[in-house]
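Coordinate inspection notes
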Amino acid sequence: MQRIQAKANIMLDNKLRQRIEAYFNRLWPLNRSITGQGFRESLAILEEIIPVKRLKFETGRKVFDWVIPKEWIARDAYLIAPDGKKYADFKVNNLHLMGYSVPFKGRLNLEELRPHLYSLPNMPDAIPYVTSYYHDNWGFCISHNEFENLPEGEYEVYIDSELFPGFVEIGEAVLPGDTDEEVLFSTYLCHPSLANNELSGPLTMAFLYERIKAMPSRKYTYRFVINPETIGAVCYLSERGEHLKKHLIAGYVMTCLGDAGKFTYKLSRHGDTLADRVAKVILRDSGEHSILPFFPSGGSDERQYCSPGFNLPVGSLMRTMYGCYPEYHTSLDNKEFICFDALSGSVDMYFSIVNALESNFVWKNTVKYCEPQLGHHGLYSSVSIPKSQQEERTSAILWLLNLADGEHDLLAIADRSGCKIELLISVVRELSDADLIAPKKI
Amino acid sequence: MQRIQAKANIMLDNKLRQRIEAYFNRLWPLNRSITGQGFRESLAILEEIIPVKRLKFETGRKVFDWVIPKEWIARDAYLIAPDGKKYADFKVNNLHLMGYSVPFKGRLNLEELRPHLYSLPNMPDAIPYVTSYYHDNWGFCISHNEFENLPEGEYEVYIDSELFPGFVEIGEAVLPGDTDEEVLFSTYLCHPSLANNELSGPLTMAFLYERIKAMPSRKYTYRFVINPETIGAVCYLSERGEHLKKHLIAGYVMTCLGDAGKFTYKLSRHGDTLADRVAKVILRDSGEHSILPFFPSGGSDERQYCSPGFNLPVGSLMRTMYGCYPEYHTSLDNKEFICFDALSGSVDMYFSIVNALESNFVWKNTVKYCEPQLGHHGLYSSVSIPKSQQEERTSAILWLLNLADGEHDLLAIADRSGCKIELLISVVRELSDADLIAPKKI
Amino acid sequence: MQRIQAKANIMLDNKLRQRIEAYFNRLWPLNRSITGQGFRESLAILEEIIPVKRLKFETGRKVFDWVIPKEWIARDAYLIAPDGKKYADFKVNNLHLMGYSVPFKGRLNLEELRPHLYSLPNMPDAIPYVTSYYHDNWGFCISHNEFENLPEGEYEVYIDSELFPGFVEIGEAVLPGDTDEEVLFSTYLCHPSLANNELSGPLTMAFLYERIKAMPSRKYTYRFVINPETIGAVCYLSERGEHLKKHLIAGYVMTCLGDAGKFTYKLSRHGDTLADRVAKVILRDSGEHSILPFFPSGGSDERQYCSPGFNLPVGSLMRTMYGCYPEYHTSLDNKEFICFDALSGSVDMYFSIVNALESNFVWKNTVKYCEPQLGHHGLYSSVSIPKSQQEERTSAILWLLNLADGEHDLLAIADRSGCKIELLISVVRELSDADLIAPKKI
């Protein structure tokens, strides 16, 4: 049944791509940050697909080693050059204003202004993305071409922003399953006008939610978290960390899922959790890909999920990883950089993981002494013609029967046999229907 | 003593090759199948070298998931074409008749006949080998060249065969040793007029039996099984499976041992049993070879021995594996394809495995604190001349003394040291004679 | 503090090189052997830097499987050819006389003399180094060029040597630490006029001793052994073996440390002891190097330390290993072959091992739930500028915090993170000062 569902979804992909793009267009211009109106409005748009409960953490509250910052709002910001020309206009591109810039109005000459300007000499056309959440400061980000050609003289600096007591907010959704074992998907929503890192993450999650919700039944409970990066994960773990330590069997941080590159999986800290095992099998079956060891020295919220006090089974399935494409954290990570076919494929890939997890039982061969006589069970051509088209299927049958020993789960069978997990899932059904295998009683 | 025996045998190899060929010539024309007269006559010929007890399993008997089929005999079979020419004459080559073809007499035009004809478009000169043991059917196998040139019109089809209640039979021989720990050799005898797969297997086994029988003493009990493939192994395990689970320490399925290719070892399902360890060391010492992981998706009776209910330590030492040479299961797998030097070498290789198994004790260094002063024991030249011929032997002595710690068996020492097992066996004798090592008491 | 000490030492390296060379020049001409005056005089010179206690083992005493040999002294030795020319003059090069040659005076013609002559056809300019400690014999070592041109006729053979009851002697020094866990450095001093193998070993040890002695505090106790190779290690283990089995955590045999080649580490028999782990990390950080598995079939005193009754955690850190450079055990392993910069670097490398061992604690992250807010602790720039110079340091901080879980020691963190151990040691101090990590209580 679930497979039929999956097929139906794939047939809808054209429509899916269009829907993803429409949501992208609405989310793109909002000035998201780790707090504030941009985050809230973005979450509200996503709630049309994935309704979430909102968790709130008040400014000044201590959360583990962190203190919740003030809320930030930016209304306008720009520079007026000595020649009267406007530079770094926030209303043109919200990347021009350094995230969490404190309000400032004044006149500075170019020498005084320069320490507040950020540009990328190696990417002279790109506006960099810079923030200063936890250290009072203000700044403007401009292309290096502009930076180099700024006229000498006195500049009018105008930043109409505000920092005030408020909240860090997190969106959380849960789709219950037959068991209280949980699968977590976590993404972040705090980057303004950046496409691959980050709108690809929340968009993939929203449409993945839609698919999982449509499943007729679920073995596992699915948990979805949309937060501001780092501080949001810290807050979320302060509320749900102990619960997740008890119930989480697999989790994924969703980011950088919209470019045309091959998939990359960053292993969990443990490195061989169920999250890692299923991702490795699914990626193996999908073609060219990369598997990276866990590293805490960079990355996203898996750093918090995999901190030593939690050490949760959380990896991260991406396409081209943050830091590995030059457009990362610049104005060039925009709609032209991403590809809606890739985004739709990312939803498929995550749903394949869900399907494999849902099918990952331990089976026992009911005829464990020697092979069954497959022909009698209608499972085998009794004429041994070399090189039949049935070879791949027969091979999967024989592998399954051999490894259905009550010790290998389906992922282990996929791993050892080299058979595609999708083929194994289909063969499991046939063997189960023929009473040749039965789920292991626990 | 055993080594002297081995040497003597190698000196007789010329005679051995001639004897193997003589037996091959007698076995070749018999129409073997999984039951019947051809199997019985073949076994009777082999009994001149390896006397066996016969186990019988009656038609209709249920054995695990299998039902013993009827016996099959074929007396004659052919096609008469519209032009009066005889095709697919069973008396010319018994591969022309599909194994287990039911009796049939009638007239069919070419269109009706074609579904009963088997040929290989990619090997137009070869007659394929096809059987239909468990599904009533009849058919003829012909070269694709002939198939393409069959004249249109009506054919006389003649198959004088018979299916009747009878027996599946298995030949079993046991050479007892000092312990009830057993080594198994298993081969099959159900293929008509195929040389590498299969006559090479029973021939290697018969002459290996001869050598093991001639050993003055044996630590292990050796068990030899000659059966019809698959159904025979299923039957045999129904009788001896529980015994083997208790006593078997190593076993090998013998097949494809007559071609000129390098050796291939297919690991047991477990992958690191004594059977695997000794085969790996012997092959390492022998030169170029391949080690393959276990797979149940193809292969021979190791699929039954390694089914999850048994999971016996059984691998398969072959030369070029079934399916890996184009002549496999065709009329081109004939006397010209194989090589009697290779067959004789296969007997040697299996006997090397036996020698290594018989020598595989755990030793303890009696002078375990520091090295012994080898010179005092007559084991070391006291003049340290660089690059002497003694280097390899001295190296083996020092490795043995270092690893004779009561934890490494001789195979583990061979593995870690890289020393040839044959050299280690010889050095063990010297060190043991000098009281520098003693077998570990269990 | 220790790091400051290390820096100070490195600044003194120029002086160190000069001091090493001065000691080399004094040690070079002495006719060392496994016993006797040459060994004693050499040890006395080294005692100016590393004061040792002398352990003595009397001739004829049984030590494990060995018997202490007589002492040997050589006063003069040469050949006078038929043409009156002197050959193989011990006073010109003490390698000319085979080590432990018995006294001999007589006249032999060339045919009778030849079995007593050693030369190297492949290295015609080199005098080989040959000994016969445990088998009464005499001999001369000459270049193959000389050997080939020896005139026919009668030779006067003169060997003024003496074998007499005496002692095998061992020098031992101990620098106590805060714990009774010990680190061993072992080297040998029995080769006459050979530079890399062996003077490099005792010289590196002496100056390493000087550095370790200068450390303001030590966690471990350091033990230094200077012995005649093999027999000395056997004797030493007969006295200290049981003690070392209780207390030794890491040990190294120091040899071949003076050539310009890259470092080579021969693993201990166990292969993953603390000695091995620290050496692997230090070498990884140092650049190109080789790691060799343990082998008892050649080598130095690690063969005794790693004999099965002891199986101590002793490896060997060398530059170009014995047997791997053609000059080995010939007159070409001389002052020109070695390089005092390399020797000084070998002292540094061993001291890096000591530093890493002393810093190898298990740490616990005090904020184990999520990452700490590094900015608040003054450890992190809050402006996320891409590619800052701080990246490497921040990476080390994040790795340390993630792996400070009470299970990884610092070497394990270095291994998994890929961060340089020296950087980690420095970051440990910062994190510890900020109370973000604390040593694990045992």
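Everything discussed here concerns the structure shown above.
In this report, we go over the structure that sits alongside the text. Remember, predicted model here, so these are calculated numbers, not experimental data.

As for the relation of the copies chain A and chain C
When chain A is fitted onto chain C, the two copies agree to an RMSD of 0.0 Å after a turn of 120 degrees and an axial shift of 0.0 Å. Such a turn and shift between the copies fits a three-fold axis. Looking at the rotation axis and the C-alpha trace of chain A, the residue lying nearest is D272 of chain A, at 13 Å.

Comments concerning unusual backbone geometry
The residue F64 of chain A is not glycine, and still its phi comes out positive at about 50 degrees. Examined against the element boundaries, F64 of chain A turns out to sit in the loop between β2 (62-63) and β3 (66-67). Look at F64 of chain A and you get partly exposed, because its relative accessible area is 29%. Phi is positive for D435 of chain B, which is not a glycine, with a value near 60 degrees. Among the residues examined, D435 of chain B registers a relative accessible area of 57% and is labelled exposed.

Observations regarding the state of the cysteines
Tallied over the full model, the rule gives 0 disulfides over all chains. C256 of chain A takes part in no disulfide bond, and the closest cysteine sulfur to it belongs to C324 of chain A, at a distance of 8.9 Å.

A short note on the nonpolar core
Residues and elements named next belong to chain B. Core analysis: the biggest nonpolar cluster contains 91 residues, and I50, F185, I212, F224 and Y252 have the highest contact counts within it. The element contributing the most residues to this core is helix α10 (residues 340-358), with 10 residues. Those residues in contact with F224, other than ones at most four positions away along the chain, are I50, G171, E172, A173, L175, F185, M205, Y209 and I212.

Some remarks on the sheet that holds strand β15 (residues 289-292) of chain B
All names here are of chain B. Within the open sheet, the 8 strands sit side by side as β1-β10-β12-β11-β13-β16-β14-β15. Their pairing is mixed. Here the strands that pair on one side only, and so sit at the sheet edges, are β1 (53-58) and β15. Here the average twist between neighbouring strands, direction ignored, is 20 degrees. Relative to strand β12 (residues 221-227), strand β10 (residues 167-175) runs antiparallel, the two being bridged by 5 bridges. Each residue of the ladder has a partner; that of A173, found in β12, is F224.

Concerning the pattern of salt bridges
All names here are of chain A. Taken as a whole, this structure holds 86 salt bridges over all chains when the rule is applied. The residue D160 makes a salt bridge to R75 at a minimum N-O spacing of 3.1 Å. One end of the pair, D160, is in strand β9 (residues 154-164); the other, R75, is in strand β4 (residues 71-80), and 85 residues separate them in sequence. By relative accessible area, which is 40% here, R75 ends up partly exposed. Salt-bridge contacts for E172 lead to R223; the nearest nitrogen and oxygen are separated by 2.7 Å. One end of the pair, E172, is in strand β10 (residues 167-175); the other, R223, is in strand β12 (residues 221-227), and 51 residues separate them in sequence. Side by side, E172 and R223 carry an identical accessibility label, which is buried. Members of the salt-bridge network, linked through shared partners, are R40, E47, R54, E71 and E169.

Considering the interface of chain A and chain C
Every contact between the two is made by 29 residues of chain A and, on the other side, 23 residues of chain C. Around 2300 Å² of area is buried between chain A and chain C when both sides are counted, 54% of it from carbon and sulfur atoms. For the chain A face of the interface with chain C, the top three residues by lost area are D65, R269 and P296 of chain A, together amounting to 26%. Linking chain A with chain C are 2 salt bridges, by the criterion used here. Measuring nitrogen to oxygen at the nearest pair gives 2.9 Å for the salt bridge that ties D405 of chain C to R269 of chain A. Within the side of chain A that touches chain C, the residues separate by chemical class into 16 nonpolar, 8 polar and 5 charged.

Comments concerning the packing of helix α6 (residues 195-214) of chain C against helix α10 (residues 340-358) of chain C
Residues and elements named next belong to chain C. Put simply, α6 and α10 touch, their axes get as near as 9 Å, and they point 50 degrees apart. On the basis of their axis angle, the class for α6 and α10 is oblique. At the point where α6 passes α10, the crossing takes the right-handed sense. On the side of α6, the interface is formed by S200, T204, F207, L208, R211 and I212, while α10 contributes L343, S346, V347, D348, Y350, F351 and V354. Residue composition of the contact of α6 with α10, grouped by class: 8 nonpolar, 3 polar and 2 charged.

Focus on the packing of aromatic side chains
All chains considered together, the criterion is met by 69 aromatic pairs over all chains. Note on F24 of chain B and W28 of chain B: the rings are 5.5 Å apart at their centroids and 25 degrees apart in plane angle, and the pair reads as stacked. Aromatic ring contacts, followed pair by pair, group F185, Y209, Y222, F224, Y252, Y265 and Y350 of chain A into a single cluster. Sitting over the face of the ring of Y78 of chain A, K86 of chain A holds its NZ or CZ atom 4.4 Å from the ring centroid. Stacked on the ring of F167 of chain C, the Lys or Arg K56 of chain C has its end atom at 5.2 Å from the ring centre.

What to know about the packing of helix α11 (residues 391-403) of chain A against helix α12 (residues 410-417) of chain A
All names here are of chain A. For the pair α11 and α12, the least separation of the axes is 10 Å and the interaxial angle reads 125 degrees. On the basis of the axis angle, α11 is oblique to α12. When you trace α11 past α12, the crossing you get is right-handed. Residues W399, L400 and L403 of α11 form the contact with α12, whose own contacting residues are L410, I413, R416 and S417. Of the residues that constitute the contact of α11 with α12, the class distribution is 5 nonpolar, 1 polar and 1 charged.

Focus on the interface of chain B and chain C
Taken residue by residue, the interface counts 23 residues in chain B and 28 residues in chain C. Between chain B and chain C the total buried area reaches about 2300 Å² when both faces are included, carbon and sulfur atoms providing 54% of it. Inspection of the chain B/chain C interface yields 13 residue pairs in polar contact (both at pLDDT 80 or more). Sorting the residues of the side of chain B that touches chain C by element identifies α11 (391-403) and β18 (405-409) of chain B as the ones contributing at least two each.

What to know about the sheet that holds strand β1 (residues 53-58) of chain C
All names here are of chain C. One open sheet holds the 8 strands; their spatial order is β1-β10-β12-β11-β13-β16-β14-β15, and the pairing between them is mixed. Of all the strands in the sheet, the pair left with one neighbour each is β1 and β15 (289-292). Direction aside, the axes of adjacent strands within the sheet are offset by 20 degrees on average. Summarising the sheet, β1 and strand β10 (residues 167-175) pair through 6 bridges and their orientation is antiparallel. Pairing of F57 across the sheet is with V168, part of β10. The strands that α10 touches are β11 (182-188), β12 (221-227), β13 (248-253), β14 (263-266) and β16 (314-318); relative to β13, the one it contacts most, it runs at about 170 degrees.

Some details on helix α2 (residues 13-27) of chain C
Residues and elements named next belong to chain C. The end-to-end C-alpha distance of α2 is 21 Å, a good match for the 21 Å that 15 residues give at a rise of 1.5 Å each. Restricting attention to buried positions, one finds in α2 the residues D13, L16, I20, Y23, F24 and L27. The buried residues of α2 occupy an angular sector of 105 degrees when the element is viewed end-on, so they sit on one face. Residues K15 and Q18 are exposed on α2 and point more than 90 degrees away from its buried face.

Side note on the environment of I413 of chain C
All names here are of chain C. Relative to the helices and strands, I413 is located in helix α12 (residues 410-417). With relative accessibility at 1%, the residue I413 sits in the buried group. Separated by 53 residues in the primary sequence, I413 and N360 have C-alpha atoms spaced 9.9 Å apart. Excluding its chain neighbours within four sequence positions, the residues that come into contact with I413 are L400, L403, A404, H408, G418 and L424.

Each value, and the rule that gives it
- Residues numbered from 1 in each chain as written.
- Chains lettered and ligands numbered in written order.
- Predicted model: local features only at pLDDT ≥ 70, side-chain atom pairs only at ≥ 80, totals over all residues.
- Heavy atoms only, no water.
- Least-squares fit on C-alpha atoms with pLDDT ≥ 70 in both.
- Helix = DSSP H or I, 4+ residues; strand = E, 2+ residues; numbered from the N terminus.
- Buried < 20%, exposed > 50% of the residue type's maximum accessible area, 1.4 Å probe, protein only.
- Disulfide = S-S within 2.5 Å.
- Core = buried A, V, L, I, M, F, W, Y, C linked by side-chain atoms within 4.5 Å.
- Contact = heavy atoms within 4.5 Å.
- Pairing = 2+ DSSP bridges.
- Axes fitted to C-alpha atoms, helices over the stretch in contact; angles between N-to-C directions.
- Salt bridge = Lys/Arg side-chain N within 4 Å of Asp/Glu carboxyl O.
- Buried area = accessible area lost by both parts, 1.4 Å probe.
- Nonpolar A, V, L, I, M, F, W, Y, C, P; charged D, E, K, R; others polar.
- Parallel < 35°, antiparallel > 145°, perpendicular 65-115°, else oblique.
- Left-handed = near helix turned anticlockwise from the far one by under 90°.
- Phe/Tyr/Trp six-rings, centres within 6.5 Å; stacked < 30°, edge-to-face > 60°.
- Lys NZ or Arg CZ within 6 Å of the ring centre and 35° of its normal.
- Polar contact = N/O pair within 3.5 Å; in protein donor to acceptor, adjacent residues only side chain to side chain.
- Expected span 1.5 Å × (residues − 1).
- Arc of directions from axis to C-beta.

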